[in-house]
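# Observations on chain architecture
The residues making up each chain are set out below.
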Amino acid sequence: MKQAEQLRVRDIGLFFLLGLMDERTALTAAGRVIAQLKAQYGDSFQSVPPVVLIRSCRASWKAFRRTVPRNQPVEIPQAAWVLPSSPREIDITAWGRYQKDASDDDVMALLFSHVLGFSDTDLAEGFQTSVGTIRYRLGKGVRQLGLVVRGGSAT
Amino acid sequence: MSQDPKTNKRKLTPFLAHEMLYDYVTGHLDAERRVAIEEFIKTDRESQNLIDAIKRGIAYSQSLREIQLSAAALAELEQAENLVSISKRLARWSSWPDSLRWSIIAVAISACTAGIMVLIPWKSIPLFSPGALRDENTVEIARIDAKRGNQNDANLVGGAQADLADESEADSNATGDQSGDEEFAEESSGQVRVPPAGQPEPLKVSPPSTPPPIAVAVAKPSSGTAPVIPKPVTAVAVPTPATATQPTAAARGRGFVYRAFMTLSDLETAAPKITQQVKELGAEKAGEVELGWKRGTGRYYHFTMPEANEQKLLEALRAYGPVRISKDPHPRQMPEGEVRFILWIESGA
């Protein structure tokens, strides 16, 4: 598999693992999106437009989010990802606490923008809203996340 | 925003300032707003805390980029496919086995070729029409369909039809007197051969440029425009010239046969001698009927011989009596230096 395609697969998998915090559900949802994009784009899967990717992930997120109750204890996936140990260790539980309390759109916007690196314009188009709304969600999201990780060992 | 009476500038409210902190941190504010926010932050402790939180949140979220998927999870996702993607992948021509692809190409080419061969109206193309192979010495009088062919066989006249009858075939079939009779009747007398019912034969006559010595087919032209089947005409025996006619340039390249006719009073005595002389001149029978085959009161010779001995043969025959000979076109072409003879010697005064 080409490196670009591998990176795309990794981005989608990471989005669902962090967003749903349930390993099996996340891999199933990510697999469905990848299959759908492969069916749509075939060999050029790695060059899927960002807006299409955002919309596909958002739709799949909404479908699978219902199967992961919000009030369940935060479960950290262990087998599906490899957390970096250097140069600094990531306290993934802070993310779990934030993800449990934040709204779906805030979490998704934060993941797409600051974790996966999509632009605000792509996000606005993918979410079918204005750039200002996206920036508002991002501001709220990082502020909440910062408050959660304050005093922790995450950063 | 409230107005500052001293500087005459608008002053940020805490709510607006807090909402613009993210844009301030990420550098999306214009210069005027940036200055206003910076001035506001200096005096607002909560804003300072929020800026710290935003910066921590951004730094933490960016640190999440370093998380990698495990190899097992990555492999599972890479294999992810649904029915549509599987069918699309299988439908990709490039992913098919080479043997299957080439087989399909071969079948497609064969089908196209067969289709072209079927669809092209070959008969309407002059080059490929049935008459294209007819030599220029052949003149078509009329076309008769198969049903009417039997009825009109009686219209076939003259030695023209006999010319096209294959002597060799007749010979090869001559296992008894009857076959020899037929061959002789065709070759020597020039009479019409009437085939049995149900065996239509093609209607062709020899070319006018090399007139058949035995009979001529005459088709009376019709005054109407509708095609008319030629009226039956009587076969007319035409005396053959005493000397061989010179073949035309066109006929020279084609097959021909020498037809000779003699009438001898002492045939019984002369026939064995003639047979012997013919054999000495290199003659070989052209079929299964032996040389000098006896039929009624005559003898039949059908043979091939070297062309160099042609004059010697004629001289030998003229020693017994007058010889009438003609050179006629023949569908079977002899090898270079070989000639075909059909000689009939009738017993009589």
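Within each chain, residues carry numbers counting from 1 in the order of the written sequence. Lettering for chains starts from A, numbering for ligands starts from 1, and both go in the order in which the items are written. Only residues with pLDDT of at least 70 are given local features in this predicted model, and only at 80 or more are side-chain atom pairs given and counted; all residues enter the totals for whole chains, interfaces and linings.

Time to look at the overall build of chain B. When its secondary structure is counted, chain B shows 14 helices and nine strands. A pair of residues counts as a contact when their C-beta atoms, built from backbone coordinates, are separated by no more than 7 Å. Taking the intrachain contacts of chain B between residues at least 6 apart in sequence as the baseline, contacts between residues at least 24 apart amount to 72%. Only DSSP runs of H or I reaching four residues or more are called helices, and only runs of E reaching two or more are called strands; each is numbered from the N terminus.

What follows concerns the packing of helix 6 (residues 120-127) of chain A against helix 7 (residues 131-149) of chain A. All names here are of chain A. Lines are fitted to the C-alpha atoms to define the axes, a helix being fitted only along its stretch in contact, and any angle between axes, read from their N-to-C directions, falls within 0 to 180 degrees. Packing of helix 6 against helix 7 brings their axes to within 8 Å, and their N-to-C directions diverge by 105°. As the angle between them shows, helix 6 and helix 7 are arranged roughly perpendicular. Of the residues in helix 7, those in contact with Asp 120, Thr 121, Leu 123, Ala 124 and Phe 127 of helix 6 are Val 131, Ile 134 and Arg 135. Think of it as three bins: nonpolar holds Ala, Val, Leu, Ile, Met, Phe, Trp, Tyr, Cys and Pro, charged holds Asp, Glu, Lys and Arg, and polar takes everything else, Gly as well. Class assignment of the residues belonging to the contact of helix 6 with helix 7 gives a composition of five nonpolar, one polar and two charged. An angle counts as roughly parallel when it lies under 35 degrees, as roughly antiparallel when it exceeds 145, as roughly perpendicular when it falls between 65 and 115, and as oblique in every other case.

Two strands qualify as a pair provided that DSSP identifies no fewer than 2 bridges between them. Here seven bridges tie strand 4 (residues 256-264) of chain B to strand 9 (residues 338-347) of chain B, and the two strands are oriented parallel to one another. Paired with Met 262 of chain B across the two strands is Ile 345 of chain B, which belongs to strand 9 of chain B.

With that settled, the discussion passes to the environment of Gln 99 of chain A. Within the secondary structure, Gln 99 of chain A sits in helix 4 (residues 92-101). Between the alpha carbons of Gln 99 of chain A and Gly 19 of chain A there is a distance of 7.0 Å; along the sequence they are 80 residues apart.

The next subject is the nonpolar core. Core membership is restricted to buried Ala, Val, Leu, Ile, Met, Phe, Trp, Tyr and Cys residues, and these are joined into a nonpolar core through C-beta atoms within 7 Å. Three classes are used. A residue is buried when 20 or more other C-beta atoms lie within 10 Å of its own, exposed when 12 or fewer do, and partly exposed in between, with C-beta atoms placed from the backbone. Formed by 62 residues in total, the largest nonpolar core has its most connected members in Ala 30 and Leu 111 of chain A together with Leu 21 and Ile 54 of chain B. Broken down by element, the residue count for this core peaks at eight residues, all from helix 1 (residues 3-20) of chain A. When sequence neighbours within four positions are dropped, the list of residues in contact with Ala 30 of chain A reads Ile 12, Gly 13 and Phe 16 of chain A together with Leu 77 of chain B. Of all hydrophobic cores here, the second largest spans 29 residues; its members include Phe 256, Met 262, Ala 270 and Leu 291 of chain B.

The predicted model of chain A averages 84 in pLDDT, with 87% of residues at 70 or higher. The predictor rates its confidence in each residue with pLDDT, a number between 0 and 100. The lowest-confidence element of chain A is strand 1 (residues 81-82) of chain A, averaging 76 in pLDDT; the highest-confidence one is helix 6 of chain A, averaging 94.

As a further point, take the interface of chain B and chain A. It is common to report an interface's size as the accessible area lost on association of the parts. The partner chain A presents 39 residues to the 34 residues of chain B that form the contact. Tallying contributions element by element places helix 4 (residues 45-63) of chain B first for the side of chain B that touches chain A, with twelve residues. Per-class residue counts for the side of chain B that touches chain A are 17 nonpolar, eight polar and nine charged. For strand 1 of chain A and strand 3 (residues 68-69) of chain B, the ladder comprises two bridges, and the chain directions are antiparallel. Note that in strand 3 of chain B the partner of Val 82 of chain A across the bridge is Gln 68 of chain B.

Looking now at helix 4 of chain B. For an α-helix, 3.6 residues make a turn, and residues three or four places apart therefore share a direction. Under the 1.5 Å per step criterion, the end-to-end length of helix 4 of chain B is 27 Å for 19 residues, consistent within 8% with the ideal 27 Å. Listed in full, the buried residues belonging to helix 4 of chain B are Ser 47, Leu 50, Ile 51, Ala 53, Ile 54, Arg 56, Gly 57, Ile 58, Tyr 60, Ser 61 and Ser 63 of chain B. Next to the buried residues of helix 4 of chain B lie helix 4, helix 5 (104-115) and helix 7 of chain A together with helix 1 (14-19), helix 2 (21-26) and helix 3 (31-43) of chain B. Expected helix span is computed as 1.5 Å times (number of residues minus one).

Next up on the list: the pairing of strand 4 of chain B. The side chains of a regular strand alternate between both faces of the sheet. All names here are of chain B. Across the nine residues of strand 4, seven count as buried, placing the element largely inside the fold. Alignment of strand 4 against strand 8 (residues 323-329), held across seven bridges, turns out to be antiparallel. Paired with Tyr 258 across the two strands is Lys 327, which belongs to strand 8.

In this fold, Lys 55 of chain B is placed in helix 4. In sequence terms Lys 55 of chain B and Tyr 22 of chain B are 33 residues apart; their C-alpha atoms lie 8.8 Å from each other. Not counting residues up to four positions away in its chain, the partners in contact with Lys 55 of chain B are Gly 146 of chain A together with Val 25 of chain B.

All names here are of chain A. Checked against the element boundaries, Ile 92 lands in helix 4. Take Ile 92: there are 17 C-beta atoms within 10 Å of it, and that puts it in the partly exposed class. The spacing of Ile 92 and Leu 18 is 74 residues in sequence and 9.3 Å in space, taken between C-alpha atoms.

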